[in-house]
Amino acid sequence: MGLTASVLAVDAGNSKTDVAVVAADGEVLATARGGGFRPTAVGVGPAVDALADAVTRAYAAAGVTSVAHVSACLAGADLPVEEERLAAALHERAWGETVEVRNDTFAILRAGVAEPRGVAVVCGAGINCVGLRPDGRTARFPALGRISGDWGGGWALAEEAVWHAARAADGRGPATALAHTLPAHFGLPTMYALIESLHLERVPASRRHELTPVLFATAAGGDAVARAIVDRLAAEVVGMAAVALARLDLLAEETPVLLGGGVLTAGHRRLDDGIGELLAARAPKAVPRVVRQRPVLGAALLGLDRLGAGLAAQARLRARFGDGR
């Protein structure tokens with residue numbers, strides 16, 4: 001009979017997967033990295049198949065064959081029914097005695113707080129927000145894009161920038177430097193050339209996200225249209241955070257609001273200042289903080305929470321992954 005560890009922590013995002021095998025005292029026995037986790041694109045079965053490679057390597061390195069609990073924070077677990085389907089698929093693999101699946105945003109939240117209490121907003125390719133209290137209460141959004149009322153994330157920002165630049169170029173909208181900076185990024189002379197290249201896929205759709213940093217650079221240069229887009233994102237971030245705080249009855253208490261994802265950790269001054277000012281107005285007791293810890297740390301902490309591990313185990317686990325701030 002093989003050895004048994006305490007927690008298999010999984011942080012699986014669209015671009016990469018991190019797993020860690022953790023003992024009851026917080027010692028990290030092994031880690032492994034795998035490819036992206038995209039159940040909405042390839043299906044639950046194939047997505048979990050891809051996850052299995054990293055888990056197998058981590059178990060082999062740790063010298064274990066199973067764990068007491070699987071704590072999985074997964075992209076694509078946006079609705080309760082999706083969490084249930086993914087949890088059932090993971091349980092079938094017999095990687096652990098019990099399985100809990102959460103959206104991957106919970107990993108960033110737990111990584112950034114000393115106890116499971118606070119709100120996290122993540123802005124990477126998309127945007128999402130979750131909240132958590134020690135008693136298990138949660139706040140969350142479907143985060144399915146425009147059909148669930150969401151706006152923001154790198155893809156939406158790039159799309160908005162192109163829309164405004166196109167209208168500026170043909171006279172339907174106000175002038176903006178975006179009409180020059182966006183096509184120039186791809187070595188193109190005009191917005192018409194960029195529109196044609198995007199439509200005919202001379203510039204692959206997968207590269208559109210490259211325009212998001214161009215948007216922020218143009219805003220930093222003083223362009224009014226670009227600045228308005230950045231300001232809109234700040235309002236979206238604060239709107240989600242304030243609603244989550246209200247749902248959890250945390251508006252009257254000093255509560256951390258964790259900011260994660262590539263867009264929110266990039267240090268864009270106008271965005272950071274806008275979030276700080278708007279949050280102070282809507283939720284004066286909220287304490288915003290950027291989270292740079294690896295999200296798999298959060299998944300592991302959630303697993304230790306489930307097993308009732310103490311502060312010493314949490315501290316040992318955090319020491320292994322570093323402060324990250």
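Right, let's walk through the structure included here.

Parameters at a glance
Residues numbered from 1 in each chain as written. Predicted model: local features only at pLDDT ≥ 70, side-chain atom pairs only at ≥ 80, totals over all residues. Heavy atoms only, no water. Helix = DSSP H or I, 4+ residues; strand = E, 2+ residues; numbered from the N terminus. Expected span 1.5 Å × (residues − 1). Buried < 20%, exposed > 50% of the residue type's maximum accessible area, 1.4 Å probe, protein only. Contact = heavy atoms within 4.5 Å. Pairing = 2+ DSSP bridges. Right-handed = clockwise from strand over helix to strand, strands pointing away. Axes fitted to C-alpha atoms, helices over the stretch in contact; angles between N-to-C directions. 1 Å grid on protein atoms, 1.4 Å probe; cavity = no way out; pocket = protein on both sides within 12 Å on 5 of 7 lines; lining within 4 Å. Points joined across faces, edges and corners; volume = space filled by probe spheres on them. Nonpolar A, V, L, I, M, F, W, Y, C, P; charged D, E, K, R; others polar.

Between its first and last C-alpha, helix H5 (residues 154-170) extends 25 Å over 17 residues, near the 24 Å set by a 1.5 Å rise per residue. By the burial criterion, the buried members of H5 are Gly-154, Ala-156, Leu-157, Ala-158, Glu-160, Ala-161, Val-162, Ala-165, Ala-166 and Ala-168. Those residues of H5 that are buried lie in contact with helix H6 (178-185), helix H7 (191-199), helix H8 (211-220) and helix H9 (224-247). Remark: Gly-171 follows H5 within two positions and exhibits a positive phi of approximately 95 degrees.

What follows is about the pairing of strand S5 (residues 96-103). For a regular strand, side-chain orientation follows a simple rule: the groups alternate between the two sheet faces. Summarising the sheet, strand S4 (residues 66-74) and S5 pair through seven bridges and their orientation is parallel. If you follow Ala-72 over to S5, its bridge partner there is Val-101. Where the polypeptide runs from S4 across helix H3 (residues 80-92) and back to S5, its parallel neighbour, the crossover connection is right-handed.

The next subject is the sheet that holds strand S10 (residues 286-290). An order of S8-S7-S6-S9-S10 is seen for the five strands of this open sheet, with the pairing classed as mixed. Edge positions in the sheet fall to strand S8 (138-140) and S10, since each of these pairs with one other strand and no more. Strand-to-strand, the axes of this sheet are offset by a mean angle of 15 degrees, without reference to chain direction. In the packing of H9 onto the sheet, the strands contacted are strand S6 (118-123), strand S7 (127-132), S8, strand S9 (255-260) and S10, and the crossing angle to S7 comes to about 25 degrees.

Okay, the layout of surface pockets next. By volume, the second largest pocket is sized at about 160 Å³. Taken together, Glu-100, Arg-102, Pro-116, Leu-132, Arg-133, Pro-134, Gly-136, Thr-138, Leu-302, Asp-305 and Arg-306 form the lining of the second largest pocket. With three residues, helix H11 (residues 295-306) is the largest single contributor of residues to the lining of the second largest pocket. Among the residues forming the lining of the second largest pocket, the class breakdown is four nonpolar, two polar and five charged.

Honestly, that's just the spatial picture; any functional story needs more than this.
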